[in-house]
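These are the residues of each chain, in order.
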Amino acid sequence: MSVCKTASSSSSSSSSSTAKAWIVHGLLAGAAIAVAIGARAFHLSRSGRLRSRVVGIIPARFASSRFQGKPLVHILGKPMIQRTWERAKLASSLDYLVVATDDERIAECCRGFGANVIMTSESCRNGTERCNEALEKLDKKYDVVVNIQGDEPLIEPEIIDGIVKALQAAPDAVFSSAVTSLKPEDAFDPNRVKCIVDNRGYAIYFSRGLIPFNKSGKVNPQFPYLLHLGIQSFDAKFLKIYPELQPTPLQLEEDLEQLKVLENGYKMKMIKVDHEAHGVDSPEDVEKIESFMRERNLS
């Protein structure tokens, strides 16, 4: 693993030309529902605007059980956390962007390339709780919090904007996220989280196993399996409730925090995007993503 050094902070100039088109499931339907039911207190900001103020938070910790020091690993000369920051900065929906970490090494690295940093407690059990603590420490109030996973260094700004718009248009949801097509070779990889949604674009279930699973026990090449991407947005008021919810059986069994949201009866709006998913879950993934970037001349 490379130790963090201050690298060039120029953002990726290829973002606009390489951005993937995103499709929001049921976006127009969600907007119609919002108009029909009116302005409900839970979904309105204090100024009366519908979830209008948006903050992006990149939770980052050094002590990962699967990949120690992952945010600081270099990808073609830049720390991964820097690449994630530069991509997220291009999203038009974010009013503010900050890295939330409990490690001074990560904080020093981020300050070196110009990122905003908030120090959070080591007791945070997951990225969502870290986002909540960071939200409480911010000077300004926000209606939507986007949890941007630091291990998706090629995340498209349009995907960030897409999940924000989906949440803003679905007043019955407290959470939104994105899925893309699952590659057959990733079908049984437990690090690639799968998702199924209903016909209105709301999440039904997430799993590290292949879902749905058929009687043959094999991948059906005709079925449109979905891969969950590591980005999600929350209603800020719900995010304050989330840490108070007790861990749930499915969440603990699958080790997926979004299942706690579903098990407690809350709705999650999903969007379908066309995205080459290259998350970094293990040291081996670094070489894969560097090869992908070289093939497409991504700096």
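Quantities reported herein were computed from a predicted structural model and do not represent experimental measurements. (Residues numbered from 1 in each chain as written. Predicted model: local features only at pLDDT ≥ 70, side-chain atom pairs only at ≥ 80, totals over all residues. Heavy atoms only, no water.)

Chemist: Would you explain the packing of aromatic side chains in this entry?
Modeler: Note on aromatic pairs: each is described by the distance of the centres and the angle between the planes. The full count for this structure, using the stated rule, is six aromatic pairs. Aromatic pair F175 and F234: ring centres 4.8 Å apart, planes at 90 degrees, arrangement edge-to-face. Of this pair, F175 sits in strand β8 (residues 175–181) while F234 sits in strand β11 (residues 226–235); the two residues are 59 residues apart in sequence, bridging distant segments of the chain. One exposure class covers both F175 and F234, and it is buried. Considering the side-chain rings of F238 and Y242, the 6.4 Å spacing of their centres and the 70 degrees angle between planes classify their relative orientation as edge-to-face. The same class applies to F238 and to Y242, which are both buried. Above the ring of Y242, the side-chain terminus of K260 is found at 3.9 Å from the ring centroid. Above the ring of Y202, the side-chain terminus of K269 is found at 4.3 Å from the ring centroid. (Phe/Tyr/Trp six-rings, centres within 6.5 Å; stacked < 30°, edge-to-face > 60°. Helix = DSSP H or I, 4+ residues; strand = E, 2+ residues; numbered from the N terminus. Buried < 20%, exposed > 50% of the residue type's maximum accessible area, 1.4 Å probe, protein only. Lys NZ or Arg CZ within 6 Å of the ring centre and 35° of its normal.)

Chemist: Would you explain helix α10 (residues 283–295) in this entry?
Modeler: Count 3.6 residues to each turn of an α-helix, and residues three or four apart come out pointing the same way. Residues of α10 that are buried include every one of D285, V286, I289, E290, F292 and M293, and no others. Along the axis of α10, the buried positions cluster into a sector of 160 degrees, meaning they face one direction only. Structural note: α10 exposes E284, E287, K288 and E295 on the side pointing more than 90 degrees away from its buried face. Looking at the buried side of α10, the elements it contacts are β3 (74–75) and α3 (80–88). (Arc of directions from axis to C-beta. Contact = heavy atoms within 4.5 Å.)

Chemist: Would you mind showing me how to read unusual backbone geometry here?
Modeler: Both trends apply: most residues other than glycine have a negative phi, and most peptide bonds are in trans. With an omega of -10 degrees, the peptide bond running from I211 to P212 counts as cis. Here P212 is to be found in the loop between β10 (203–207) and β11. At L76, a residue that is not glycine, the phi angle is positive and equals roughly 50 degrees. Within the element layout of this structure, L76 appears in the loop between β3 and β4 (78–79). Despite not being glycine, D255 shows a phi value in the positive range, around 55 degrees. Relative to the assigned elements, D255 resides in the loop between α8 (249–254) and α9 (258–263).

Chemist: Please clarify how the environment of D189 should be interpreted in this entry.
Modeler: Examined against the element boundaries, D189 turns out to sit in the loop between β8 and β9 (194–197). Put simply, D189 and G209 are 20 residues apart on the chain and 7.5 Å apart in space, counted from C-alpha to C-alpha. Beyond its immediate sequence surroundings of up to four residues, D189 is in contact with K194 and R208.

Chemist: Help me understand the confidence of the model for the protein chain in this model?
Modeler: Any residue range with low pLDDT should be treated as having predicted coordinates unsuitable for detailed reading. Averaged over all residues, the pLDDT of the protein chain equals 83, while 82% of them reach at least 70. Scored below 50 in pLDDT, residues 5–48 shows 82 contacts in the model against residues more than four places distant or in partner chains. (pLDDT = per-residue confidence, 0-100.)

Chemist: Please explain the side chain of N126 as it appears in this structure.
Modeler: Mapping N126 onto the fold places it in the loop between β6 (117–119) and α5 (127–137). Owing to a relative accessible area of 17%, N126 belongs among the buried residues under this scheme. Looking at N126, its side chain comes within polar contact range of the main-chain nitrogen of E129, at 2.9 Å. Not counting chain neighbours up to four residues away, the residues in contact with N126 comprise Y242 and E257. (Polar contact = N/O pair within 3.5 Å; in protein donor to acceptor, adjacent residues only side chain to side chain.)

Chemist: Could you clarify how one ought to interpret the pairing of strand β12 (residues 268–273) in this entry?
Modeler: Look at any regular strand and the pattern is simple: side chains alternate between the two faces of the sheet. Of all six residues making up β12, five are buried, and the element is well covered by its neighbours. Across five bridges, β8 lies against β12 in parallel orientation. Note on β12: the bridge partner recorded for A178 is I271. (Pairing = 2+ DSSP bridges.)

Chemist: Which parts of the structure should I look at to understand the pairing of strand β5 (residues 96–101)?
Modeler: With respect to burial, β5 is a largely interior element, five of its six residues being buried. Of the strand pairs in this sheet, strand β2 (residues 54–60) and β5 are connected by six bridges, and their pairing is parallel. When the sheet's bridge partners are listed, V55 is paired in β5 with Y96. With three bridges joining them, β5 and β6 adopt parallel strand pairing. The partner of V99 across the bridge, within β6, is V117. Tracing the backbone out of β5, into helix α4 (residues 104–112) and back to the parallel element β6 gives a crossover that is right-handed. (Right-handed = clockwise from strand over helix to strand, strands pointing away.)

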